[in-house]
Amino acid sequence: MTGTNQTTQTARTTGAARTARTAGAARTADAAGATGATDATDAGGARGGPRTISTLLVANRGEIACRIFRTCRALGIATVAVYSDADADALHVREADTAVRLPGAAPSDTYLRGDLVVRAALAAGADAVHPGYGFLSENAAFARSVRDAGLVWVGPPAEAVELMASKTRAKELMAAAGVPLLAPVDPEKAGAADLPLLLKAAAGGGGRGMRIVRELADLSGELTAASAEAAAAFGDGEVFAEPYVERGRHVEVQIMADGHGAVWALGTRDCSLQRRHQKVVEEAPAPGLGDALRDRLHEAAVTAARAVGYRGAGTVEFLLGADGRPYFLEMNTRLQVEHPVTEAVFGLDLVALQLRVAEGEPLPAPAPPEPRGHAVEARLYAEDPARDWQPQTGPLLTLEVPDEPGLRLDTGYTGGDTIGVHYDPMLAKVVAHAPTRNEAVRLLARALERARIHGPVTNRDLLVRSLRHPDFRAARLDTGFYDRHLAALTAPPDEADLRLAALAAALADAAARQDGPGPTRFGAWRNISSRPQVKRYRAEPGGTEHEAAYRTGRTGPVPETGERVVAVRPGHVTLEADSLTRHFHLTVHRDTVYVDTATGSYTLTALPRFTDPTDRTEPGSLLAPMPGTVVRVAEGLGAGTSVEAGQPLIWLEAMKMEHRILAPASGTLIALHAAPGLQVEVGALLAVVTEPTDAATAPAAAETTDLESADPAEENA
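Residues numbered from 1 in each chain as written. Predicted model: local features only at pLDDT ≥ 70, side-chain atom pairs only at ≥ 80, totals over all residues. Heavy atoms only, no water.

### Thoughts on the overall build of the chain
Next, step 1: Counting secondary structure elements, the chain contains 15 helices and 42 strands.
Next, step 2: Looking at the chain residue by residue over its 717 residues, the buried ones come to 55%.
Next, step 3: Across the chain, every contact between residues at least 6 apart in sequence was considered, and the portion connecting residues at least 24 apart equals 67%.
Next, step 4: Accessible area of the chain: about 28100 Å², with a carbon and sulfur share of 50%. (Helix = DSSP H or I, 4+ residues; strand = E, 2+ residues; numbered from the N terminus. Buried < 20%, exposed > 50% of the residue type's maximum accessible area, 1.4 Å probe, protein only. Contact = heavy atoms within 4.5 Å. Areas by Shrake-Rupley, 256 points an atom, 1.4 Å probe, with all protein chains shown as cover.)

In structure tokens form, the structure reads like this:
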């Protein structure tokens, strides 16, 4: 299953065939210049009457747009994409029948401009709009503007969106309907007995505007920070407080409702493995729930849907305390990122059902089908979990996941695409479905382990280790999983494995320099008197260095460390070590070598024999850990300022996340090169701090905070 092979089966989503990488791959237009190419009269469906959808615009990007297009192709519906300038060559644009440009790159100028999206739909001749998730998917005003333009809105009624848009209003409504929930806490009256508290944005999710407060002295500052973050993300700074449930489980119920009175509860999902309050691994059904609790959750979800006159796909989220008591969290009035696990277990296409309901048709049966088996989904991100989950950018050279029965890949990227700074770093969702939970978990872990992912650092190793962790295997799940286990889950690879990977890289490099086609095979080790050849590599992203040494004889290279070389060619090396034969597949991109094996993958940087003495940076230098924009510097900061270790000095925004650059040690700032609005590349010198013992130069320490829910993979809660 690769980013270069397309399948249109409704059971699987992969990247499209890599069609022409130009605007010629789809009919294009410019939303800024469109003037309403079709008559926006009410044809019936937009106002609630039956209407057949023939052309659908997806007001989104990335993997969710590609996933919706897949269903449209299966149903014979023409597709329209919208794209920012940064996405001009994106996969969702290449897959669509028609594409419309939204001038600009920032989400606020493009995918969050409802007026431009509606204009694009009219210009392209679409008769319906699907919002996907994130962006404008839970914006009642946008839903109304789509309907007012005479278009079919593939989503719940705007009135239902509005009722659930504010979590505070939603909780009041659910309390009146008898749905259990956590009692809100007035921050101004909070006392020590109310701690810990969870601050949450009233107008959105995805972890934005969310803070845990454990000390009363921190409450005021965290309220200010949460409100500012919520305002930046959702245009609404309202936040509220509720008791924080330690070691709680995040469990949710998928619902699907039509306009004829039917409401389906499509089982449960567990989404407790989260980082920064955003989901990483999800599964269906939620393990370990008794029948009584499951029925109670289903009943509460259906009650919530009926209370707001809901139609279409939605999710009702609950928090389960350590005692198993459920509390209503929120209702997401859209398709969820994790919807594929429900599709797998119930054998349904939720997007197809959304379209059916939007056309005014009833659900196909009074009750949903019976669930079958277990499904687990892992979100593959371009990020470094060992470094505060910092997002990564750059060319994605290869993205290939094994194409095996029971596996599904939903992605918005293929090999050759570039991961930019403007949007969320989620590359793909990998889903495994099997008869039992153990089988599904095993299948998913093995598929991720065997995947070939070349380019920026990803969380792939973290995902594999998470799925194989004893607590996860035993379904001991709660939202504190990564808080407790992150250090172990991000430990560097085994040194012996890295040494063998470096040796394979060195031997492949030697083979590439030799003349003669075909693989070279070598017999038993021979005693060779030649001087050893030495090549050095640095493991990424850990930075450890490894030396590979071998001698060259008439039969080929002989490693100094005693391994037997079975076969060598530039892209493949077979070694025998400790009586085990291991295969190494190697891909070279400039100075970077990607080494893939059956049990893991390694990224190595080939190092020069001698270090250039001019290639040095002043001690104490703070370097940008990623490309982005400087949004602020600490008040009063300048040359000569005294700073304390861990003090925030510079705020950098990248990929819709805010990164605080911290002082590496106490000392004096002797140079400041950062200023608000400055665009910086990775490795750019931001500032220099001196201390009595001079700190070593390194990428600046940074703390990461999510800023806004601005694209498909960002609405993760």
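### Brief notes about the confidence of the model for the chain
A low pLDDT score tells you not to read the predicted coordinates there in detail.
Next, step 1: The predicted model of the chain has a mean per-residue pLDDT of 86, with 84% of residues at 70 or higher.
Next, step 2: Per-residue pLDDT stays below 50 along residues 521-528; that stretch engages in 22 contacts with residues further than four places along the chain or on separate chains. (pLDDT = per-residue confidence, 0-100.)

### A word on the sheet that holds strand β7 (residues 197-201)
Next, step 1: The strand order β8-β7-β9 describes an open sheet built from three strands, whose pairing is antiparallel. In this open sheet, the two strands that pair with only one neighbour each are β8 (211-213) and β9 (239-243). Strand-to-strand twist across the sheet, computed as the mean angle between neighbouring axes with direction ignored, equals 30 degrees.
Next, step 2: Sheet topology note: the β7/β8 ladder contains three bridges and is antiparallel. When the sheet's bridge partners are listed, L199 is paired in β8 with R211.
Next, step 3: Docked against the sheet, helix α6 (residues 167-176) engages β7 and β9, running at close to 50 degrees with respect to β9. (Pairing = 2+ DSSP bridges. Axes fitted to C-alpha atoms, helices over the stretch in contact; angles between N-to-C directions.)

### Some points on the sheet that holds strand β20 (residues 407-411)
Pairing between the strands of a sheet is mediated by backbone hydrogen bonds and can be parallel or antiparallel.
Next, step 1: Taken in spatial order, the eight strands make up an open sheet running β14-β13-β10-β11-β12-β15-β22-β20, and their pairing is antiparallel. Every interior strand has two partners, whereas the edge strands, β14 (326-332) and β20, have only one. This sheet shows a mean twist of 25 degrees between the axes of neighbouring strands, independent of strand direction.
Next, step 2: Sheet analysis places β20 next to strand β22 (residues 426-434), joined by five bridges and oriented antiparallel. Within β22, the residue paired with L407 across the bridge is A432.
Next, step 3: Sheet contacts for helix α1 (residues 62-75): β20 and β22; angle to β20, the most-contacted strand, approximately 120 degrees.
Next, step 4: Packing of helix α14 (residues 481-489) onto the sheet brings it into contact with β11 (263-275) and β12 (278-284), and relative to β11 it is tilted by some 45 degrees.

### Considering the nonpolar core
Next, step 1: Ranked by internal contacts, the top residues of the largest apolar core, which has 69 residues, are I53, L56, L57, V129, F142, M256 and L355.
Next, step 2: When residues in this core are grouped by element, the largest group, seven residues, is from helix α3 (residues 114-124).
Next, step 3: Residues within four places of L57 in sequence aside, it is in contact with V80, V82, V117, A120, A121, A126, A128, V129 and H130.
Next, step 4: Counting residues in hydrophobic clusters, the runner-up holds 38 residues, among them L273, V281, L409 and A451. (Core = buried A, V, L, I, M, F, W, Y, C linked by side-chain atoms within 4.5 Å.)

### What about the environment of G314?
Next, step 1: Examined against the element boundaries, G314 turns out to sit in strand β13 (residues 312-320).
Next, step 2: Here the alpha-carbon distance between G314 and A301, two residues 13 residues apart in the chain, equals 9.6 Å.
Next, step 3: Residues in contact with G314, not counting those within four places in the same chain, are V253, Q254, I255, N332 and R334.

### Thoughts on the pairing of strand β26 (residues 545-553)
Next, step 1: As paired strands, strand β25 (residues 533-540) and β26 are joined by six bridges and run antiparallel to one another. Looking at β26, one finds that V534 is bridged to A549.
Next, step 2: A loop of four residues connects β25 with β26, the two strands running antiparallel in sequence, and G543 in this loop sits at a positive phi of about 90 degrees.
Next, step 3: Linking β26 back to strand β27 (residues 556-559) in an antiparallel pair, the connection comprises two residues.

### Notes on the pattern of salt bridges
Next, step 1: Applying the stated criterion across every chain, the model contains 43 salt bridges.
Next, step 2: Its salt-bridge partner being E252, residue R269 comes within 2.8 Å of it at the nearest N-O pair. Of this pair, R269 sits in strand β11 while E252 sits in strand β10 (residues 249-257), and the two are 17 residues apart along the sequence.
Next, step 3: The exposure class of E252 is buried, given its relative accessible area of 0%.
Next, step 4: The partner of R379 in a salt bridge is E338, with the nearest N and O atoms 3.0 Å apart. Taken as a pair, R379 in strand β15 (residues 374-381) and E338 in the loop between β14 and α9 (339-346) lie far apart in primary sequence, 41 residues in all.
Next, step 5: Of the residues examined, E338 reaches a relative accessible area of 0% and is grouped as buried. (Salt bridge = Lys/Arg side-chain N within 4 Å of Asp/Glu carboxyl O.)

### As for unusual backbone geometry
Next, step 1: The peptide bond linking A284 to P285 adopts the cis configuration, its omega dihedral lying at -5 degrees.
Next, step 2: Examined against the element boundaries, P285 turns out to sit in the loop between β12 and α8 (291-307).
Next, step 3: Omega for the peptide link from E540 to P541 comes to 0 degrees, which places this bond in the cis form.
Next, step 4: Residue position: P541 is located in the loop between β25 and β26.
Next, step 5: Even without being a glycine, W389 presents a positive backbone phi close to 60 degrees.
Next, step 6: Residues other than glycine seldom take positive phi values, yet R590 does so here, at roughly 55 degrees.
Next, step 7: Locating R590 in the fold gives a position in the loop between β30 (580-589) and β31 (592-597).

### Comments concerning the side chain of H572
Next, step 1: Looking at the secondary structure, you find H572 in strand β29 (residues 572-577).
Next, step 2: Look past the residues within four positions of H572 in its chain and what remains in contact with it is A567, H583, F584, H585 and L586.

### Examining the pairing of β20
The two faces of the sheet receive side chains in turn, since in a regular strand these alternate between them.
Next, step 1: Buried residues dominate β20, accounting for five of its five residues.
Next, step 2: Both faces of β20 are covered, namely the face carrying L407, L409 and T411 and the face carrying R408 and D410.

### A short note on α8
Next, step 1: Between its first and last C-alpha, α8 extends 24 Å over 17 residues, near the 24 Å set by a 1.5 Å rise per residue.
Next, step 2: Those residues of α8 that fall on the buried side of the exposure criterion are L293, L297, H298, A300, A301, V302, A304 and A305.
Next, step 3: Lining the buried residues of α8 we find α5 (158-165), α6, β10, β11, β13 and β14.
Next, step 4: Following α8 by one or two positions, G309 adopts a phi angle in the positive range, close to 60 degrees. (Expected span 1.5 Å × (residues − 1).)

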